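Single-letter residue listing:
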Amino acid sequence: MSQQIAGAGVVVTGAGHGIGRALATRLAAEGARVVVNDLDAEAAGEVAEQIGGYAAPGDAASQDGVSALVATAHDELGEIDIWFANAGIDRGHLLDAPEADWAAAHEVNVMAHVRAARLLVPAWVERGRGRFVVTASAAGLLTMLGSPTYSVTKHAAVAFAEWLSVTYRHRGVVVQAICPQGVQTRMLDNAGPLTELLSRDSALTPEQVADVALEALSGDRFLVLPHPEVSGYYQHRATHTDQWLEAMNRLQQRLDEQGGAR
């Protein structure tokens, strides 16, 4: 199902920086009416001003925050045609990650999507169209060494998106999951010993990821892979699971030697 971008009402969460900022900028350039959400109110305002969009700073994860964002978007746009569930966090590394980091990752990387879908999907089903695009990660298809909170919650984000697609695609709701590897954002800057691994197939710019994402709006394929190599890794993981785990463990051992894990 092709998506008309010009004139579409679009919400992008986490749009003050990185991939979200690039998505909002590209969408506006194609004629979309864009609501720019971010916890960083100053960044959201700057992006909205630059692209001629609508700033809606706030929490895109909590129930109250999602409800307020949807209400604001309806006020500004009328109809919400596309929701880019882009906000995400990487918090809490290794097995001793505290409970608070697990809870925060679950709220932002998973429940934000669930709460938004609850409010959006019924109206989309009623009118027969709508699009929900999740910025997940290659970590949601493979795994992420060193960060159990990120790996587990990004797997859950992909799983929820799959469930939405299976349940509502015949009723006009298109669901897509963007799953990049290394992207030149603050998250990669803070990756420490993992930076080289995440960049092995090149670290893309946020703008390159946004270009791939917008191209994907011309159809309805579920997995959107800015790094095409991820498709081969994903297939190998599924068909040769033990080999995959052994290879990943060898990478983990290299990190251990560098002092990058416990």
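Every value quoted in this text rests on a predicted model; they were computed, and no experiment measured them.

Scoring rules and cut-offs
Residues numbered from 1 in each chain as written. Predicted model: local features only at pLDDT ≥ 70, side-chain atom pairs only at ≥ 80, totals over all residues. Heavy atoms only, no water. Pairing = 2+ DSSP bridges. Helix = DSSP H or I, 4+ residues; strand = E, 2+ residues; numbered from the N terminus. Contact = heavy atoms within 4.5 Å. Axes fitted to C-alpha atoms, helices over the stretch in contact; angles between N-to-C directions. Phe/Tyr/Trp six-rings, centres within 6.5 Å; stacked < 30°, edge-to-face > 60°. Buried < 20%, exposed > 50% of the residue type's maximum accessible area, 1.4 Å probe, protein only.

With that out of the way, let us pick up the sheet that holds strand β7 (residues 223-224). Strands belonging to one sheet form pairs held by backbone hydrogen bonds; the direction of such a pair is parallel or antiparallel. Taking strand neighbours across the sheet as the criterion, the seven strands line up as β3-β2-β1-β4-β5-β6-β7 in an open arrangement whose pairing is parallel. Every other strand in the sheet has two partners, leaving β3 (54-55) and β7 as the edge strands with one partner each. As paired strands, strand β1 (residues 9-12) and strand β2 (residues 33-36) are joined by four bridges and run parallel to one another. Pairing of V11 across the sheet is with V35, part of β2. Here helix α3 (residues 63-77) sits on the sheet and contacts β1, β2, β3 and β4 (82-85); the angle it forms with β2, its principal contact strand, is near 150 degrees. The sheet strands contacting helix α4 (residues 99-127) are β4, β5 (130-135) and β6 (173-178), and the helix crosses β5 at an angle near 165 degrees.

This part is about the packing of aromatic side chains. Within the structure shown, the criterion is met by three aromatic pairs. With a centroid separation of 6.2 Å and an interplanar angle of 15 degrees, the aromatic rings of F160 and W163 are classed as stacked. Taken as a pair, F160 and W163 lie in helix α5 (residues 148-168) at a separation of three residues, close to a single helical turn. With relative accessibility at 47%, the residue W163 sits in the partly exposed group. Measuring from centroid to centroid gives 6.4 Å for Y233 and W244, while their planes differ by 35 degrees, and the two rings are tilted. With Y233 in helix α9 (residues 229-239) and W244 in helix α10 (residues 241-257), this residue pair connects regions lying 11 residues apart in the sequence. Classification of Y233 as partly exposed rests on a relative accessible area of 22%. According to the relative accessible area criterion, W244 is buried, its value standing at 11%. Put simply, the rings of F160, W163 and Y168 touch in pairs and so form one group of aromatic residues.

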